[in-house]
Structure formats: C-alpha cells, structure tokens
Amino acid sequence: MNSMDIRCSDIIQGDTQGPSAIAFISYSSLGNIINATFFEEMDKKDQVYLNSQVVSAAIGPKRNVSLSKSVTLTFQHVKMTPSTKKVFCVYWKSTGQGSQWSRDGCFLIHVNKSHTMCNCSHLSSFAVLMALTSQEEDPVLTVITYVGLSVSLLCLLLAALTFLLCKAIRNTSTSLHLQLSLCLFLAHLLFLVGIDRTEPKVLCSIIAGALHYLYLAAFTWMLLEGVHLFLTARNLTVVNYSSINRLMKWIMFPVGYGVPAVTVAISAASWPHLYGTADRCWLHLDQGFMWSFLGPVCAIFSANLVLFILVFWILKRKLSSLNSEVSTIQNTRMLAFKATAQLFILGCTWCLGLLQVGPAAQVMAYLFTIINSLQGFFIFLVYCLLSQQVQKQYQKWFREIVKSKSESETYTLSSKMGPDSKPSEGDVFPGQVKRKY
C-alpha cells in the first residue's frame with residue numbers, strides 16, 4: 001500500500017543506451033532497526049515514532065540522477081492516527097559522522113488517518129515519522145484569538161466607515177488608512193472562518209494564498225503611509241501640496257495592491273504545493289517558503305523605520321527654525337507619532353511570531369496572539385477616538401441621531417392625537433386625577 005509517482009523522462013535519462021529501470025522497495029521490518037531515535041531534529045519533549053514502512057527508490061543504470069520534478073511518495077500508516085499529530089517526511093541521510101533521518105528536500109503534502117503523501121527532490125530511503133507532541137493547542141490562546149479578532153473586526157469596520165463618511169478628515173492620509181483597514185478586515189475575517197479548513201486541499205491552498213496576499217497588502221499600505229509622511233515632511237515649506245497628493249493618488253493603488261499580487265503570483269507559480277499545511281491553511285515552513293511573507297515584511301518594516309527617523313529629523317530642524325505652534329508642523333508631527341506606533345504594533349507582532357522558540361515560546365505566543373488580535377482596536381483608537389476632528393464629528397452625528405429620534409417620537413404622538421381631536425371623557429392629562437364616584 002506504498003507507492004511512488006515519478007516522471008517517465010527521469011527514468012529514461014535522456015541519451016542513455018540500453019534499458020532503463022526503476023526500483024521501489026518496501027521493507028517490512030527495517031524500521032525496527034533504523035527507528036525514530038535516529039531522527040536528527042527530535043525534540044525531547046515529543047514522543048516520535050516511525051509510522052510507516054521504510055521504502056527505497058532508485059533508478060538504473062545511473063545511480064545519481066537529478067530529477068526534473070519532485071517524486072510523490074504515498075505511505076500507508078502502520079498505526080491509524082488522527083491528522084492532528086505532527087508529521088515528518090524523512091529520508092535516510094549518510095554522512096562521514098554517521099547516518100540519520102533527515103527532512104532535507106522532503107516535505108509534507110497531505111496527511112489523513114490512514115495515509116501520508118510526501119514530495120522529495122531526490123531518491124533514497126524514505127519513511128514517515130509522527131510525533132505525539134506535548135505542545136497541544138492551548139484553549140486559552142484560542143479564546144483570546146477569536147475574541148480579540150472579533151473585537152478587531154468591529155473596530156476596523158467602524159474605522160473604515162469613519163474614514164469614508166467623515167468629511168472633516170478626508171484626505172490622502174485617510175485614504176491610506178482606509179485601504180489598510182479594509183485589508184486587515186478581510187484578512188482577519190478570512191482567518192476566523194478559513195484558517196482550519198484543511199479539506200479539500202485545493203480550498204485550503206486558496207485560503208492560504210488569499211491570506212498571504214491580504215497581509216502583504218496591509219504591510220504595503222503601511223509602507224505607502226511612511227512614504228506619504230516623508231514627502232509631506234520634506235515639503236513642509238511648500239504651500240501647495242497638490243503635487244504630493246497627485247503623486248500618491250497615482251501610485252498608491254497600483255503599488256498597494258499590485259506589488260503583493262506579483263509577490264504571491266511568483267510564489268504560487270514556483271511552489272504551489274507549499275500553500276496550506278496539514279493542520280492550518282497558511283504557508284509551509286519547508287524550503288524556507290515562509291520567507292516569501294517574512295522577507296517583504298522585514299523589508300517594509302526596515303524601510304518604514306528609516307523613513308520615520310528621517311521624518312523626525314526633518315521635523316526637529318523645522319521646529320528649531322519656525323514657531324512650534326505652526327499647525328502644519330504640529331499635524332505632521334502628530335501623524336508621525338501615530339504612524340510610528342502603528343509600525344511597531346503591526347511590525348513587531350510578526351517579530352514576536354518569529355521568537356516563539358525555546359523556553360520563552362509560551363510567553364511569546366501569548367504576546368503575539370494578544371497584540372495581533374487587537375490591531376484593529378489600535379487603529380480605531382489612534383486614528384478615530386483620539387482625533388479631535390473625529391470626536392467632533394461623532395458628537396455631531398450623536399446629536400443628529402438624538403434630535404431625529406426626538407422628532408420622530410413627537411410626530412408619532414401628534415399623529416395619534418390628530419390635529420382636531422378632542423379629549424374623551426376618560427382621558428387623563430398630567431396633573432389630572434381620575435376619580436370614581
């Protein structure tokens with residue numbers, strides 16, 4: 001019940017004279033000798049065991065063959081286990097220091113209770129290892145994630161509506177905030193409803209690709225905010241800002257949505273099988289594929305950090321030469337402080353995700369979950385609740401709602417009474433007591 005899929009062109013080996021052959025061998029008891037204790041990455045906290053027969057694959061007459069496409073190996077489990085366990089696709093690696101099971105060049109495609117599918121870029125002896133990990137899913141983290149993301153979704157929706165409807169703050173900067181809020185809203189919503197939908201595999205891969213795109217788009221819009229801030233600070237002495245606004249309006253949508261699309265398209269075309277894992281619809285850790293997300297994030301974080309340092313340096317020079325009460329400088333400085341705080345909230349979140357290793361992994365996991373879940377609340381707090389212009393608009397809207405409600409109640413009362421209606425004998429008015437005789 002073990003099998004291997006390989007391209008015929010790899011077996012024929014081009015211009016090789018004579019017959020070509022492929023051997024696929026399954027060993028019934030070899031796993032008892034080269035068992036899971038030879039796994040080089042075994043964690044002492046995890047109980048790792050071999051859950052398949054050891055198989056070997058070779059091509060003749062040449063022994064060392066470079067494959068044009070990875071082979072797909074399907075293993076039947078020795079023990080029928082649920083798919084929630086940690087699974088490793090491994091091969092037998094021989095070195096000068098000895099031999100051991102290694103994951104190099106092999107990665108997991110799919111696993112269920114009875115079978116595991118692996119992709120490997122070379123031929124050797126292979127097997128499936130499973131770990132009864134002690135680090136089971138923390139229910140507290142799950143509750144924090146769902147509650148925090150629900151609050152974040154509500155706040156992002158309110159922030160987006162504010163940016164759309166509040167005319168007092170409508171400008172290029174709020175347009176950038178709006179797009180950032182929309183990307184985070186869609187990403188958080190998709191995360192809540194789709195992160196665990198690992199079946200069918202194609203749907204899981206689509207969800208992982210969509211999450212990859214939406215989170216990259218959010219960081220790209222954050223970079224555009226940094227660029228806009230820098231251009232605004234650099235041109236503080238210019239009375240007319242129309243050139244800056246025209247430039248940002250021209251580039252922001254192609255860059256904000258186009259650059260992430262190109263990045264995801266290249267990643268999906270090169271490594272489509274690395275979208276979606278056995279237990280999450282997210283990026284695979286094999287072959288460094290996670291850096292297709294973390295690489296751009298780190299680059300954007302570094303670029304924004306440099307831009308904000310330059311903005312504060314420019315503002316410091318302007319404040320030393322001009323009156324500190326100049327409104328343009330004050331507004332730019334406040335916007336810079338808010339954007340810097342946003343950079344650390346959004347950027348440092350993923351840095352905490354990278355630090356979930358070693359003895360501090362549990363603490364980092366809690367910090368990552370809490371901060372990541374409250375990103376929407378932070379955006380709503382900083383750009384809406386703490387903005388005086390937005391506060392005035394909220395007060396205006398509240399007064400209009402109260403006024404319209406009061407007028408509606410008055411109209412309803414007058415409609416019931418009628419313009420020519422007279423009180424009946426049984427009606428009682430304020431100050432009048434109805435007595436019985």
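Scroll up for the structure.
What you are looking at is a predicted structure, and each value in this text was computed from that prediction instead of being measured.

Brief notes about the pattern of salt bridges
Here is step 1 of the chain: For the structure on display, the rule yields two salt bridges.
Here is step 2 of the chain: As a salt-bridge pair, D104 and K93 come within 3.3 Å of each other at their nearest N and O atoms. Of this pair, D104 sits in the loop between β7 (98–102) and β8 (106–111) while K93 sits in strand β6 (residues 86–95), and the two are 11 residues apart along the sequence.
Here is step 3 of the chain: Given the relative accessible area of 39%, D104 is considered partly exposed.
Here is step 4 of the chain: Taking the relative accessible area as the measure of exposure, K93 reaches 23% and is therefore partly exposed.
Here is step 5 of the chain: Across the salt bridge formed by R280 and D196, the nearest N and O atoms sit 3.1 Å from each other. In this pair, R280 sits in the loop between α5 (242–270) and α6 (291–321) while D196 sits in the loop between α3 (172–194) and α4 (201–234), placing the two residues 84 residues apart along the sequence.
Here is step 6 of the chain: Of the residues examined, R280 reaches a relative accessible area of 31% and is grouped as partly exposed.

Quick look at a positive patch on the surface
Here is step 1 of the chain: Where like charges cluster on the molecular surface, the positive patch consists of K167, R170, K396 and R399.
Here is step 2 of the chain: The residue K167 is located in the loop between α2 (139–165) and α3 in this model.
Here is step 3 of the chain: By relative accessible area, which is 67% here, K167 ends up exposed.

Some details on the state of the cysteines
Here is step 1 of the chain: On inspection of all chains with the given rule, the structure shows three disulfides.
Here is step 2 of the chain: The side chain of C89 participates in a disulfide bridge whose partner is C118; the two sulfur atoms lie 2.0 Å from each other. Judged by the sign of its S-S torsion, about -75°, the bond between C89 and C118 is left-handed. Here C89 is found in strand β6, whereas its partner C118 is found in strand β9 (residues 115–120), with 29 residues between them in sequence.
Here is step 3 of the chain: Bonded cysteines in the protein are paired 1-3, 2-4, 5-6 when counted in the order they occur along the chain.
Here is step 4 of the chain: Among the cysteines around C384, which has no disulfide bond, C166 carries the closest sulfur, lying 8.3 Å off.
Here is step 5 of the chain: On the accessibility criterion, C384 (0% relative accessible area) is buried.

The rules behind these values
- Residues numbered from 1 in each chain as written.
- Predicted model: local features only at pLDDT ≥ 70, side-chain atom pairs only at ≥ 80, totals over all residues.
- Heavy atoms only, no water.
- Salt bridge = Lys/Arg side-chain N within 4 Å of Asp/Glu carboxyl O.
- Helix = DSSP H or I, 4+ residues; strand = E, 2+ residues; numbered from the N terminus.
- Buried < 20%, exposed > 50% of the residue type's maximum accessible area, 1.4 Å probe, protein only.
- Patch = residues over 30% accessible without salt bridge, like charges linked within 9 Å, V, L, I, M, F, W, Y side chains within 5 Å.
- Areas by Shrake-Rupley, 256 points an atom, 1.4 Å probe, with all protein chains shown as cover.
- Lys, Arg positive; Asp, Glu negative; His and termini not counted.
- Charge placed at Lys NZ, Arg CZ, Asp CG, Glu CD.
- Disulfide = S-S within 2.5 Å.

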